[in-house]
Number of protein chains: 2
Amino acid sequence: MKSNAIFYHAGCSVCASAEQALAGALDPARYDVEVVDFNDAPERIAEAEAAGVVSVPAYVIDGQPFHINFGASMAAVKGEE
Amino acid sequence: MKSNAIFYHAGCSVCASAEQALAGALDPARYDVEVVDFNDAPERIAEAEAAGVVSVPAYVIDGQPFHINFGASMAAVKGEE
């Protein structure tokens, strides 16, 4: 069974370079990769936070959050700061 | 030509979980992945810092640094803090 990997971002420049380098980098034989841009899918914010995502860009792989560099906090993504 | 990806870590628990999830996750058809543990190879610290690595665990992919979560600063790795 393939692992589930979701790359969350918010269109920031740090996000873009991470997406370019990492979103397509995982082994397609082992990972189903989904890319979620919170600008297009703000309804996905809650699930990301529930998985432990506190900043973007971030990967959630099999439910485990991996923050990659720092583009923006989730508070900023939600317009709270 | 394959891309060059180096996963730097220092044996910390955050490093271990990131290594488990990500060091073997890249597409082997497109990436040559090397894992460097600074405990075993302190002489590699300089090259990592030259690539922009400021904390571990981190990937350097085609020369670009991607810090993954936060295990330890490079200062801590070098025993400076």
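Coordinates for the structure precede this section.
Residues numbered from 1 in each chain as written. Chains lettered and ligands numbered in written order. Predicted model: local features only at pLDDT ≥ 70, side-chain atom pairs only at ≥ 80, totals over all residues. Heavy atoms only, no water.

Caption draft 1: Highlighting the pairing of strand β4 (residues 64-73) of chain B. All names here are of chain B. Pairing geometry for strand β3 (residues 55-61) and β4, over six bridges, is antiparallel. Pairing of Y59 across the sheet is with F66, part of β4. Where β3 folds back onto β4 in an antiparallel hairpin, the turn is made up of two residues, including D62, whose phi is positive at roughly 50°. (Pairing = 2+ DSSP bridges. Helix = DSSP H or I, 4+ residues; strand = E, 2+ residues; numbered from the N terminus.)

Caption draft 2: A look at the environment of D32 of chain A. Residues and elements named next belong to chain A. By the element assignment, D32 lies in strand β2 (residues 31-37). By relative accessible area, D32 is classed as partly exposed at 43%. In contact with D32, other than residues within four places in its own chain, are K2, S3, N4 and A5. (Buried < 20%, exposed > 50% of the residue type's maximum accessible area, 1.4 Å probe, protein only. Contact = heavy atoms within 4.5 Å.)

Caption draft 3: Structural view of the pattern of salt bridges. Throughout the structure, instances matching the rule amount to 12 salt bridges over all chains. Here R44 of chain A makes a salt bridge to E47 of chain A, at a shortest N to O gap of 2.9 Å. A salt bridge links E49 of chain B to K78 of chain B; the shortest N-O distance between them is 2.9 Å. With E49 of chain B in helix α2 (residues 45-50) and K78 of chain B in the segment after α3 (74-77), this residue pair connects regions lying 29 residues apart in the sequence. Judged by its relative accessible area of 36%, K78 of chain B is partly exposed. (Salt bridge = Lys/Arg side-chain N within 4 Å of Asp/Glu carboxyl O.)

Caption draft 4: Seen up close, helix α1 (residues 13-23) of chain B. All names here are of chain B. Those residues of α1 not exposed but buried are C15, A18, A21, L22 and A23. Across the axial projection of α1, the buried residues extend over an arc of 160°, all falling on one side. Opposite the buried face of α1, by more than 90 degrees, sit the exposed residues S13 and Q20. (Arc of directions from axis to C-beta.)

Caption draft 5: Fine view of the packing of aromatic side chains. Residues and elements named next belong to chain A. Taken as a whole, this structure holds four aromatic pairs over all chains when the rule is applied. For the pair F7 and Y59, a centre-to-centre distance of 5.2 Å together with 75° between the ring planes defines the contact as edge-to-face. Highlighted residues: F7 in strand β1 (residues 3-9) and Y59 in strand β3 (residues 55-61), separated in sequence by 52 residues. (Phe/Tyr/Trp six-rings, centres within 6.5 Å; stacked < 30°, edge-to-face > 60°.)

Caption draft 6: Summary view of the relation of the copies chain A and chain B. At an RMSD of 0.0 Å, chain A and chain B line up after a rotation of 180° and a shift of 0.0 Å along the axis. Here the two chains are linked by the operation of a two-fold rotation axis. When the interface residues of chain A are mapped onto chain B, 100% of them are again interface residues, pointing to one common binding face. (Least-squares fit on C-alpha atoms with pLDDT ≥ 70 in both.)

Note that all results are geometric; they support no functional claim without further evidence.
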